[in-house]
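Residue strings, one per chain:
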Amino acid sequence: MKIVTYNVNGLRPRIAQFGSLLKLLNSLDADVICFQETKLRRQELTADLVMAEGYESFFSCTRTSERGRTGYSGVATFCRVNSAFTSDEVALPVVAEEGFTGVLDSGKGEMNAVAEGLEEFSRDELLKVDGEGRCVITDHGHFVLFNLYGPRAGGDDTERIEFKFKFFKILEKRWESLLRQGRRIFVVGDLNIAPTSLDRCDAQPDFENNQFRRWFRSMLVENGGSFFDVFRAKNPDRREAYTCWSQSSGAEEFNYGSRIDHILCAGVCLHQEQDLQSHNFVTCHVKECDILTQFKRWKPGNSLRWKGGQNIKLEGSDHAPVYTSLLEIPSVSQHSTPSLSARYIPMVRGLQQTIVSLLMKRQAAEQVTTDGNFIKESSSEGERISPEQCCTPSGDSCSSSQNSEVLCSKTYEHSSTLAIEATCNTLVTLGGECNKTMCSNEAKKKAKRSSQLSLRSFFQKSPITSNSVSNSSVISTNQGYVPDSNHLSNETPLPENQSGSPKQCELNSSASIQDSDEVDVYSLDKSLDKEKNNFALLEWQRLQQVMQNSIPLCKRHSEPCVARVVRKRGPNFGRRFYVCARAEGPASNPEANCNYFKWASSKPRQK
């Protein structure tokens, strides 16, 4: 059996990187996969993000509305199983729980009982600790698995330090309660704690005096605790074994990071022997534990940022996965999928339809034919007619007499709630033939185009809506005024044309004038746009040159620095500064960052 823990730094971009959730899970090739920092809210848990064939998933999302915490953190546990609904596989949990305090409304079972010793905390305190979506517990029969994302707390952020301390204090009490019951425990995830100097690249002499590092070490067997640090148990002397690197400084290029992703284990082994001194779960059932430093964490084509240039954005997780392989884990009794499974989330499985909504959808579907034909219905305005009755093709004689105008309309049903009316105007010519002036498709296209006007449209003349004009009268339509022959003759002389009548020549002449106006306006617009683009390009190049000239050079490498902005709340919030552009690394390496620093002239923002 294989267990993997991985801080994905956003589950959605990792899925996009691999093409699908299933491909991401299969790439890790594990029976239980624990993700941290999914950055998903509960309303975003759609099937493509939580469901993959052959896997059952269990999510915990942030429930707090605190500023900066919405859509933050989040954990997910994926279990690979052959049969989801009833199985004896160890990977499929018997019980699952969201959070670790027992106060969240999740699946029901034995594990939902609040751990002993939590009476000193109020319900509001417990809800606050579990409200950031930092834990999913799955009971696999032989052991209980905690998928954790530990809080991060800056050195001077007293509020977050207090929250982190309370988080681990309550968590420890839950562990103690399970151990008293004789349960075995696995704790995996990003705990945001590097326990010793061996686990940090730039550890100072007082590094291990931090209260959270002291707490972590107090939990370990070598200090009288109950847990094994599984990685250190299998790799006791390995140095520079890190799982997280700073993306902003490109620290991974020189492996300048820390080990904050852990796998901890507590409890006796599964053997029947009673000699507990020489038997424990790690020595008897853990084959190996290591860091997947070669796992593809970047999008295809992405190289390390500092090897490709300082302007290249590195897209991927800043953590590496950690795994452990277990041996001799027997099957468990037949059981079904816990109710916390993502397959039972309403957004994933869908909502149950009522009979009324089903009948309404059926009635709406019957009102629209599948082949797009017209629907004949009775109307208060009179009986609607078919397209054949509306307009006849060119060349066919109309039933109306000469010099008469035939107007017919037809309503097109687009949906059960939307109807678009298109008017089909037929004008009778002198020869007794009728031409179709507007078809239904053109009417629809014009209706769509009319919603947004271009600059060119304001310089165009009013369109002539009729294709044929009577000799003795001026025809006015619902689309605009059509000028008479005298008005047209004042603008352009009538050319002699043997192939057509003078009226047809007038129309051809008017159309040519309008076309030439359109060409002139189009050319004018195009030249203006080109001139504006050239001006903007020159101005931007000038600004870039000014900015480039103002960037200082670092002292060791004499290379242009990179600009940063202070994001930490305080007197310098929003203030710009310059640092060495090289990747962060050990001070002994001359190729690494030289720690050059200089404030820019900009002042901090006033809040």
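Just so you know, these numbers come straight off a predicted model, no measurement behind them.

Draft legend 1. Representation of the overall build of the chain in the model. A count of helices and strands for the chain gives 15 helices and 20 strands. By residue count, 41% of the 607 residues in the chain fall in the buried class. When contacts within the chain are restricted to residue pairs at least 6 apart in sequence, long-range pairs at least 24 apart make up 68% of them.

Draft legend 2. Fine view of the packing of helix H5 (residues 158-180) against helix H6 (residues 211-218). At their nearest, the axes of H5 and H6 sit 11 Å apart, and the two run at 10° to each other. When the axis of H5 is compared with that of H6, the two are roughly parallel. Of the residues in H6, those touching H5 at Ile161, Lys164, Phe165, Phe168, Glu172 and Trp175 are Gln211, Phe212 and Trp215. Of the residues in the contact of H5 with H6, the class split is six nonpolar, one polar and two charged.

Draft legend 3. Structural view of empty space enclosed by the protein. Scanning the model with the defined rule gives two cavities of 30 Å³ or more in all. Contributing to the lining of the second largest cavity are Trp175, Leu191, Trp215, Phe216, Met219, Phe227 and Leu264. Considering only residue class, the lining of the second largest cavity consists of seven nonpolar, no polar and no charged.

Draft legend 4. How the structure looks around the pattern of salt bridges. Applying the stated criterion across every chain, the model contains 20 salt bridges. The shortest N-O distance in the salt bridge between Arg232 and Asp199 comes to 3.0 Å. Of this pair, Arg232 sits in helix H7 (residues 230-234) while Asp199 sits in the loop between strand E8 (185-190) and H6, placing them 33 residues apart in sequence. One exposure class covers both Arg232 and Asp199, and it is buried. Via salt bridges that share partners, Asp199, Asp229, Arg232 and Arg259 belong to a single interconnected network.

Draft legend 5. Spatial organisation of the UniProt feature "site: Important for catalytic activity" (unreviewed entry) in the chain. Mapped onto the present numbering, the UniProt feature "site: Important for catalytic activity" (unreviewed entry) falls on Asp261. As for its placement among the helices and strands, Asp261 is situated in strand E12 (residues 261-266). Accessibility expressed as a relative area gives 2% for Asp261, which makes it buried. In this structure Asp261 touches Asn7, Gln36, Gly189, Asp190, Thr243, Cys244, His319 and Val322, once residues within four positions along its chain are discounted. Here Thr243 takes part through its side chain, which lies 2.6 Å from a polar atom of the side chain of Asp261.

Draft legend 6. Just the side chain of Thr77, in detail. Mapped onto the elements of the fold, Thr77 is located in strand E4 (residues 75-80). Within the local environment of Thr77, its side chain forms a polar contact with the side chain of Asn147, the two groups lying 3.1 Å apart. When near neighbours in sequence (up to four residues on either side) are disregarded, Thr77 contacts Val32, Ile33, Cys34, Glu56, Ser57, Phe58, Val136, Thr138 and Asn147.

Draft legend 7. Layout of the sheet that holds E8. Read across the sheet, six strands follow the order E5-E6-E7-E8-E12-E9 without closing on themselves; strand pairing throughout is mixed. Only two strands of the sheet have a single neighbouring strand rather than two, namely strand E5 (95-98) and strand E9 (228-229). Relative to E8, strand E7 (residues 144-149) runs parallel, the two sharing six bridges. Its bridge partner lying in E8, Val144 is registered against Ile185.

Draft legend 8. Molecular detail of the UniProt feature "site: Transition state stabilizer" (unreviewed entry) in the chain. Per the UniProt record, "site: Transition state stabilizer" (unreviewed entry) is found at Asn192. As for its position among the elements, Asn192 is in the loop between E8 and H6. Ignoring anything within four residues of it in the chain, the contact list for Asn192 reads Tyr149, Gly150, Pro151, Arg152, Lys164 and Ile260. At 2.9 Å, the side chain of Asn192 forms a polar contact with the backbone oxygen of Gly150.

Draft legend 9. Region of the structure containing the confidence of the model for the chain. On average, residues of the chain carry a pLDDT of 76, and 63% of them reach 70 or more. Below pLDDT 50 for its whole length, residues 107-112 participates in 16 contacts with residues either more than four positions away or in separate chains. Between residues 369-439, whose pLDDT stays under 50, and residues either more than four places distant or in other chains, the model counts 91 contacts.

Draft legend 10. Fine view of the sheet that holds strand E18 (residues 562-565). The three strands are arranged E18-E19-E20 in an open sheet whose pairing can be described as antiparallel. The open sheet has two edge strands with one neighbour each: E18 and strand E20 (597-599). Averaged over all adjacent pairs, the angle separating strand axes in this sheet is 30°, with direction ignored. With four bridges connecting them, E18 and strand E19 (residues 576-579) associate as antiparallel partners. Bridge pairing in E19 places Ala563 opposite Tyr578.

Draft legend 11. Looking closely at the environment of Phe228. Summarising the element assignment, Phe228 is placed in strand E9. Spatially, the C-alpha atom of Phe228 lies 6.3 Å from that of Ala266, the residues being 38 residues apart in sequence. When near neighbours in sequence (up to four residues on either side) are disregarded, Phe228 contacts Leu220, Val221, Ile263, Leu264, Cys265, Asn280 and Val282.

Draft legend 12. Fine view of the side chain of Glu37. Here Glu37 is to be found in the loop between strand E2 (32-36) and helix H3 (47-50). A distance of 3.4 Å separates polar atoms of two side chains, one belonging to Glu37 and the other to Tyr149. Once residues lying within four places of it in the same chain are set aside, the contact partners of Glu37 are Asn7, Val8, Asn9, Gly10, Leu11, Tyr72, Ser73, Gly74 and Tyr149.

Draft legend 13. A look at unusual backbone geometry. One non-glycine residue with positive phi stands out, namely Glu37, at about 55°. A residue is classified by how much of its surface remains accessible, and Glu37, at 9% relative accessible area, is buried. For Asn192, which is not glycine, the phi dihedral falls at a positive 60°.

Draft legend 14. Spotlight on helix H4 (residues 123-130). Listing the buried residues of H4 in full gives Leu126, Val129 and Asp130. Each buried residue of H4 sits inside an arc of 90° when the element is viewed along its axis, so together they form one side. Residues of H4 that are exposed and point over 90 degrees away from its buried face: Asp124 and Lys128. In this structure, the buried side of H4 is in contact with H5.

The rules behind each value
Residues numbered from 1 in each chain as written. Predicted model: local features only at pLDDT ≥ 70, side-chain atom pairs only at ≥ 80, totals over all residues. Heavy atoms only, no water. Helix = DSSP H or I, 4+ residues; strand = E, 2+ residues; numbered from the N terminus. Buried < 20%, exposed > 50% of the residue type's maximum accessible area, 1.4 Å probe, protein only. Contact = heavy atoms within 4.5 Å. Axes fitted to C-alpha atoms, helices over the stretch in contact; angles between N-to-C directions. Parallel < 35°, antiparallel > 145°, perpendicular 65-115°, else oblique. Nonpolar A, V, L, I, M, F, W, Y, C, P; charged D, E, K, R; others polar. 1 Å grid on protein atoms, 1.4 Å probe; cavity = no way out; pocket = protein on both sides within 12 Å on 5 of 7 lines; lining within 4 Å. Points joined across faces, edges and corners; volume = space filled by probe spheres on them. Salt bridge = Lys/Arg side-chain N within 4 Å of Asp/Glu carboxyl O. UniProt positions renumbered as here; feature names shortened; annotations may be inferred. Polar contact = N/O pair within 3.5 Å; in protein donor to acceptor, adjacent residues only side chain to side chain. Pairing = 2+ DSSP bridges. pLDDT = per-residue confidence, 0-100. Arc of directions from axis to C-beta.

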